[in-house]
Amino acid sequence: MTGPSGRAAGAVCLLAGLCLSMSASAHRLPMGMTTVTYNPVTDSVEIVHRLHRHDAEQAMVEVMAESGVDLLQLTVQARLALYTESHFQIATVVDGEVGTPLPLQLLGAEMDGDYVLIYQELPERLPPEIAVRDDVLRDLFPDQVNQVNITTTSGIKTLVFKLDDSWHKVRLE
Amino acid sequence: MGVSRFSRLLLPAVSMLFVLPVFADAIRQTKGEFYDAFRQLDVDLPTPNVYRTASGAPGDRYWQQQVDYKIKVDLDQDARRITGSESINYTNNSPDTLRYLWLQLDQNRFREDSIARRSETAFDVGGRRNLAEQGEGDVLNYGAVARQQAMDDTAYGYEVKRVVDSRGKAIPFTIVDTMMRLDLAAPLASGKSTSFSIDFAFNIINEARVSGRGGYDHFDDSNTDIFFLAQWFPRLAAYTDYAGWQHKAFLGRGEFTLEFGDYEVEITVPADHVVSATGVLQNPGKVLSAEQRARLKQAETAAQPVFVVTPEEAAQNEKTPSKERATWVFKAENVRDFAWASSNKFIWDAMGHQQPGARQPLVMAMSFYPNEAEPIWSKYSTQAVLHTLEVYSRFSFDYPYPTAQSVNAWARGGMEYPMITFNGYRPEVFEPGEDDVAVEGAPDKTYSRRVKYGLVGVIIHEIGHIYFPMTVNSDERQWTWMDEGINSFLDYVSALEWEENYPSYAPHTNVLDYIPDEMVAENQVPVMTQSDSVLNLGYNAYTKPTAALIILRETVMGRELFDFAFKEYSRRWMFKRPTPSDFFRTMEDASGVDLDWFWRGWFYSTDHVDIAITDVREYKVASLNPDVDYPLDRTEFADKHPETLAQIRNREEGRKTWMQRHPDLADQYNRDDRFTVSNQNRNDYQELLESLEPWERTALERAVAEDKYIYFIDFANLGGLVMPLPLKITDASGDSEFVTFPAEIWRRDFHAVTKILIRDTAIASLELDPRHETADANYSNNNYPQRITKSRIQLYKSDEEDRNLMAEMLLKLREVKGGVDPDAKAIPLEQAEIEDRE
C-alpha cells in the first residue's frame, strides 16, 4: 500500500466497491461490450453498449435501491440508460492529455433477448485520437470487465476496462 | 529433509523460447500470396505412436499411472485448519523407470513466496497500478487490501510434516513452488508399485477474501461457516506419454490433471456437521439417524427429491454446535481427485437416477445447501443434476459413478470435482423499504431471473465437468478449452433441453451472433494457448470453442456425423487422457469429414468470419449463329448506348446531314452496320459447327434450346476464416431455394472465389448465411443486390412510438435533480468513487 516514489507519497486511494471475488471457474464472466462505429449513411458515430440482462438488473437493484427490478419496464431501461450515460465518455486528446468530453447524445435502451442494449450517438466524426472511459457496472461489481471495440478504417481497435482503469487513449488511424 | 528452492526454479518452456524462429513452420510459401487454408495438420500435430494412434484413439500400448489413496483428515473448525495423513500406493504402468515422483502442493499457491503470488499484477488482484498516464496516484481497491490483510494474518500453504516409505524410513523431498519431488530409495521399475505416507496440515483460506477453489464461506449474521475442501492433500502429479511429468507450477488458472485411482477417506468433523464428498458414504449407521437412513433409501426410487436432512434439522444443527466429533468414511473408485464439504448448515436432499443396463444402474443425485440458499436450491439443484446426467449421457457415455452432488459452497461461481461440485447463487434477502406495507405471508427471500438461471446454468456446467474432464481426463494445466470449451458446448445443448428459449443463448442472442464482436477484437489469442497465458478467458476458452462446436454440429458436419464422432471421442477417452490432437483426429476419423481447415482456422488462428458477396453477373448462352446472335447484339448495344443527345436535337431541328442531302455518296457501309450478318460470318459459323465434336455440338444446341440463366457470383473472404457458404437464392417469382457450398470452395484461393450457377429462372436476390450459422461478423455485405442495411441505431430510431416513450421517460428522469435518478442511491459519477485517504 505504498505510493509511488516522489510526487505524491500520500496519494494512495481506495476504490469504492465490493470486495474482490474472482470466481474460481467462472461460468459467465461479467462483461460489457461496447461498439463504436461510424455510420456514413447518417454521418454519425453510433455507440451500442451491450450488457447482460442479469448484470444490468442487479446493477439497477443497487442503483435504485429496490429489489426485484425488471428491465422489461421502460422506466428501468431509462434509468439504466442514464446510468450508462454517466459512466461512459469519449473525450478529445490534447497534447497527450485527456481533453474535453465529446457531446454524446443518449438515445435510449432496449432489450435484445438476454441482453440489454443502450444507444448513444455522436453527430460528427471522431477526431484522430480519443480518450475513452467506461466505468459501466465497474463501480458496482469489481470483477466487471468492459470491452470497447472501435471500428476504424484500418480495423478494430480494442480497449479493455477493468479493475482500476480510468481513461484509455487510442489513435484511430 | 525438505528444502524450498523457489529461486532455482527453471521452467523448460522458458529455455525453449530462445530457439523459436520467427517462422515456426517447416513448410513456407515464399512466392506469391497463396495461403493454404486447407493444408493438412499432419506436420503440426504430434507424430502418432504406439500410445496414441493417427486416428485419434489410444494406441495398443497406451498406459497411465494408477495412484490409490487412504487419507485420514481432521477439520479444526475454530482454527480453520486441516490436519491430514495420507498413505499412497503408486503403480508405475509406464515403460519407464522412475527415480523420483512429483506431487502437487496446490495450497502453496497461497504462500507469500509462491510464483503465483510474486507474479501477481494489478490484473490479478486489483491492486497497485501506476496510473501516471492518467495523472492519478496509485490506487488500491478494497478487495486487494482485504486480501493482503488475510495473507498477513495467516500463513497459508502446506506444512509437510513427514514423508516416509512403507517401512517408516524418511524419504528425502524437495519442494519447488507448488510441486514436491520425492527421491525414491530405489528406482521404481515399469510395472512395479511403491507405497509411502505423508502427514500434512494447512490453514484454510477465507475464500471470499483470498479467492481460490476451496476454503470456507463465513456467514456473519449467524457466525457459521461452510467448509469446502478442494486441492487439499498432496496429490501425485500426472506422468504422461506426451509430456513426462506435468509439473508446471500452479499459477491459479490452469487447473490440474491427475491420475485415476481408488480413494478411502476418513473425515473427522464436529458431530453437528453434515459431510458431502467424492464417493459413497461407508458408515451411515454411525453418522446418520435411523430416520435419515430410511429417507436416503426412500430417495433411491423417489419421483421427487427427498430431504435426508430437512431444513428444520439443519437450522437446529446450526443453532446448537456440538463439542463431539464424528468421522465420515467415504470410498471412491477410479476417480482422479477427491473433494469434500462440511457444515452444520447443510440441508441435504437426494433422488435416484436410474440407468438401466449401465455399469452404474443407480446414481444418487444429491444437493447440500444452507437455509440461506432456500427456496431456490430445494426446487432446482437436484433437478438440474438429474437433467445434466440425462443429456450428457446421451452425448457421451452412461454416468460412471454412484453419486452426483451439487453443494452450495459460495455465493457465486462454480467448481468441479469427481462426483461433487461447488456451486454459487443464493436468493437475495427481501428487505422491505420504509414505505412498503408489510404483506402477510410475504416471502422473506426472493430470487431474480439472474439467480435462477445462474443457478441452473452453473449446476449443469459443473456437473457436466464430471464427464469432461473428470472422466475424459484432459490436461487443464495445459489446455483450458479441452474441458471448458467442450463442456460449455454441452451445457448450452443441455440448457436448450432444460426449457425452450433458455436465456443462456436465447434466439435473439444466438451465440454465433454474440461471438463475432470478440473475434474481430485485438485482444484475441488462439484457442490453442496454454491455460495461464489465455487472454480474455471467457471467450477464448469457453465461448469461442462453444461457437466452433455448434458450427461443426449444425452446419459443417451435421448432427448425425457430429454426434457419432463426439460420442466416439468420449468413448475412446473415457478414463483416459486425451490431448487436442486426439480430439481433432477422432472427430475426423469417425465422421469421414476433413476438418483440418476448421481446426487450423478456429483453434490455431485468431481470424474471424466475414464473407461478402462482391459481384454477381448474369449471362445467357450465345448460339454462335450470326443470324440469331447479331440482331440480339444490336438490341443490346442500342440499350447500352443511347443515341447521342446532340444528334437527336439536330434531327428535331430538322437539320439534314450532308449524306442525307447527297444520297449518291452512300456505299455499303451506310447500308450495313457492324451487326449486319455477312456471308463471311455465315461461312465462319458453318466452319465452327464442323470443327465441333458431335458431343460439343449437342451440348451447344441443347443449351441454346434450354435458354438458361447463367450467373457468376463473386465471394470475398474478408475475415480470414474459410467457411461454408450457406446461400438463399430467390428468383423473380419469389420462390426461394437454400444451398450450401462447402468450405472447400476456398481451397485454391483463400481470398476470393467465383461460383457459377446455372438456373432455369432469373435470380432476383441472393442472401449469404440468412440463418446466422457461420458467425459472420458483418452481414451488410452478404446480399445481392446489395441491401442497404440499417444499423441497430437506425432501426431503433425508426420505431417512433417506442422512441418517443423512451425520450419522454429520459426527459422526466433528467428533470429531477438535473438528470440524476430521484430514487437512486448516490451514483458515483466521474472519478468521484475514488476517495482520497489524506
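Rules used throughout
- Residues numbered from 1 in each chain as written.
- Chains lettered and ligands numbered in written order.
- Predicted model: local features only at pLDDT ≥ 70, side-chain atom pairs only at ≥ 80, totals over all residues.
- Helix = DSSP H or I, 4+ residues; strand = E, 2+ residues; numbered from the N terminus.
- Contact = placed C-beta atoms within 7 Å.
- Buried ≥ 20, exposed ≤ 12 C-beta atoms within 10 Å, placed from the backbone.
- Pairing = 2+ DSSP bridges.
- Domains from an automatic or database assignment.
- Core = buried A, V, L, I, M, F, W, Y, C linked by C-beta atoms within 7 Å.
- Expected span 1.5 Å × (residues − 1).
- Arc of directions from axis to C-beta.
- Axes fitted to C-alpha atoms, helices over the stretch in contact; angles between N-to-C directions.
- Parallel < 35°, antiparallel > 145°, perpendicular 65-115°, else oblique.
- Left-handed = near helix turned anticlockwise from the far one by under 90°.
- pLDDT = per-residue confidence, 0-100.

Peer 1: Give a detailed account of the overall build of chain A, specifying residues and quantitative values.
Peer 2: What chain A contains, in helices and strands, is two helices and 11 strands. In chain A, the proportion of contacts linking residues at least 24 apart, taken out of those at least 6 apart, comes to 57%.

Peer 1: Give a detailed account of the overall build of chain B, specifying residues and quantitative values.
Peer 2: Counting its secondary structure elements, chain B contains 25 helices and 35 strands. Out of the 838 residues belonging to chain B, those deemed buried represent 41%. Restricting the contact set of chain B to residue pairs at least 6 apart, pairs at least 24 apart contribute 72%.

Peer 1: How would you summarise the sheet that holds strand 34 (residues 783-784) of chain B if you had to cite specific residues and measurements?
Peer 2: All names here are of chain B. Here four strands make up an open sheet; going across it, the order is 31-30-33-34 and the pairing antiparallel. If you trace the sheet from one side to the other, it starts and ends with strand 31 (736-741) and strand 34, each paired once. Here strand 30 (residues 725-731) pairs with strand 31 via six bridges, running antiparallel. Across the sheet, the residue bridging to isoleucine 729 is glutamate 737, located in strand 31.

Peer 1: Which residues make up unusual backbone geometry, and what values go with them?
Peer 2: Residue and element names in this part refer to chain B. Phenylalanine 468 connects to proline 469 through a cis peptide bond whose omega is 15°. Position of proline 469 among the secondary structure elements: in the loop between helix 10 (449-464) and helix 11 (480-498). For the bond running from tyrosine 784 to proline 785, omega is -10°, close enough to zero to count as cis. If you trace the backbone, proline 785 turns up in the loop between strand 34 and helix 24 (792-798). Although it is not a glycine, leucine 624 adopts a positive phi angle of roughly 75°. Tracing the backbone through its elements, the reader meets leucine 624 in the loop between strand 28 (611-620) and helix 18 (626-640). Using a count of 14 C-beta atoms within 10 Å as the deciding quantity, one classes leucine 624 as partly exposed. A positive phi angle, near 55°, is found at histidine 772, a position not held by glycine. For histidine 772, the location among the structural elements is in the loop between strand 33 (763-768) and strand 34.

Peer 1: Please provide a residue-by-residue account of the domain arrangement of chain B, values included.
Peer 2: Domain assignment breaks chain B into domain 1 (468-606), domain 2 (611-615 + 708-789), domain 3 (622-706) and domain 4 (799-838). The gap between the C-alpha centroids of domain 2 of chain B and domain 3 of chain B is 36 Å.

Peer 1: Give a detailed account of the nonpolar core, specifying residues and quantitative values.
Peer 2: Counting 178 residues, the largest nonpolar core has Phe228, Ala341, Trp348, Ala350, Ala365 and Ala404 of chain B as its most contacted members. It is helix 14 (residues 537-556) of chain B that contributes the most residues to this core, 10 residues altogether. Of the residues that make up this core, three or more belong to each of domain 1 (468-606) and domain 2 (611-615 + 708-789) of chain B. Among residues more than four places away in sequence, those in contact with phenylalanine 228 of chain B are Gly214, Gly215, Ala341, Val407, Ala409 and Phe422 of chain B. Among the nonpolar cores identified, the runner-up in size contains 47 residues, and Ala78, Tyr115, Ala131 and Val148 of chain A belong to it.

Peer 1: Any details on helix 25 (residues 800-815) of chain B? Residues and values, ideally.
Peer 2: Taking 1.5 Å per residue as the helical rise, helix 25 of chain B with its 16 residues ought to reach 22 Å, and the 22 Å between its terminal C-alpha atoms agrees with that figure. When we look at burial in helix 25 of chain B, the residues that qualify are Met806, Met809, Leu810 and Leu813 of chain B. One side of helix 25 of chain B holds all its buried residues, which, seen down the axis, span an arc of 100°. Within helix 25 of chain B, the exposed residues directed more than 90 degrees away from the buried face are Glu800, Glu801, Asn804, Glu808, Leu811, Lys812 and Glu815 of chain B. Those residues of helix 25 of chain B hidden inside the fold are in contact with helix 2 (74-87) and strand 6 (105-112) of chain A.

Peer 1: Would you mind going over the environment of tyrosine 216 of chain B in detail, with residue names and values included?
Peer 2: Residue and element names in this part refer to chain B. Checked against the element boundaries, tyrosine 216 lands in strand 10 (residues 215-219). What makes tyrosine 216 buried here is the crowd of 22 C-beta atoms within 10 Å. Along the chain, tyrosine 216 and proline 402 lie 186 residues apart, while their C-alpha atoms are 27 Å from each other. With residues up to four places along the chain from it excluded, the contact list for tyrosine 216 reads Arg80, Ile204, Asn206, Glu207, Asp225, Ile226 and Phe227.

Peer 1: So what's going on with the sheet that holds strand 11 (residues 224-229) of chain B? Which residues, and what values?
Peer 2: Residue and element names in this part refer to chain B. Judged by pairing direction, the sheet is antiparallel, and its four strands sit side by side in the order 10-11-20-16 without closing on themselves. The open sheet has two edge strands, strand 10 and strand 16 (274-277), and neither has a second partner. The mean angle between the axes of side-by-side strands here comes to 15°, regardless of whether they run parallel or antiparallel. As paired strands, strand 10 and strand 11 are joined by five bridges and run antiparallel to one another. Note that in strand 11 the partner of phenylalanine 219 across the bridge is threonine 224.

Peer 1: Could you give an account of the packing of helix 1 (residues 53-64) of chain A against helix 10 of chain B, with specific residues and numbers?
Peer 2: Here helix 1 of chain A crosses helix 10 of chain B at 140°, and the two axes come no closer than 9 Å. Between helix 1 of chain A and helix 10 of chain B, the interaxial angle falls into the category oblique. Crossing handedness for the pair helix 1 of chain A and helix 10 of chain B: left-handed. On helix 10 of chain B, the residues touching His54, Glu57 and Gln58 of chain A of helix 1 of chain A are Arg449, Arg450 and Gly454 of chain B.

Peer 1: Explain the confidence of the model for chain A to me, using residue names and the numbers behind them.
Peer 2: Residues with a pLDDT of 70 or more make up 83% of chain A, whose mean pLDDT is 79. Low pLDDT, under 50, characterises residues 1-28 of chain A; the predicted model gives this stretch 81 contacts beyond four residues in sequence or across chains.

Peer 1: Give a description of the confidence of the model for chain B that names residues and reports values.
Peer 2: Residues and elements named next belong to chain B. Taken residue by residue, chain B gives an average pLDDT of 88. The fraction at 70 or more is 89%. Across residues 126-137 the pLDDT falls below 50, and counting only partners more than four positions away or on other chains, this stretch makes 32 contacts in the model. Model confidence for the complex: the whole-complex pTM is 0.78, and ipTM, which rates the interface, is 0.73.

Peer 1: Break down the environment of serine 193 of chain B for me, with residues and values.
Peer 2: All names here are of chain B. Positionally, serine 193 belongs in strand 9 (residues 193-203). Residues serine 193 and asparagine 93, spaced 100 residues apart in sequence, show a C-alpha to C-alpha distance of 8.8 Å. Not counting chain neighbours up to four residues away, the residues in contact with serine 193 comprise Asn89, Tyr90 and Thr91.

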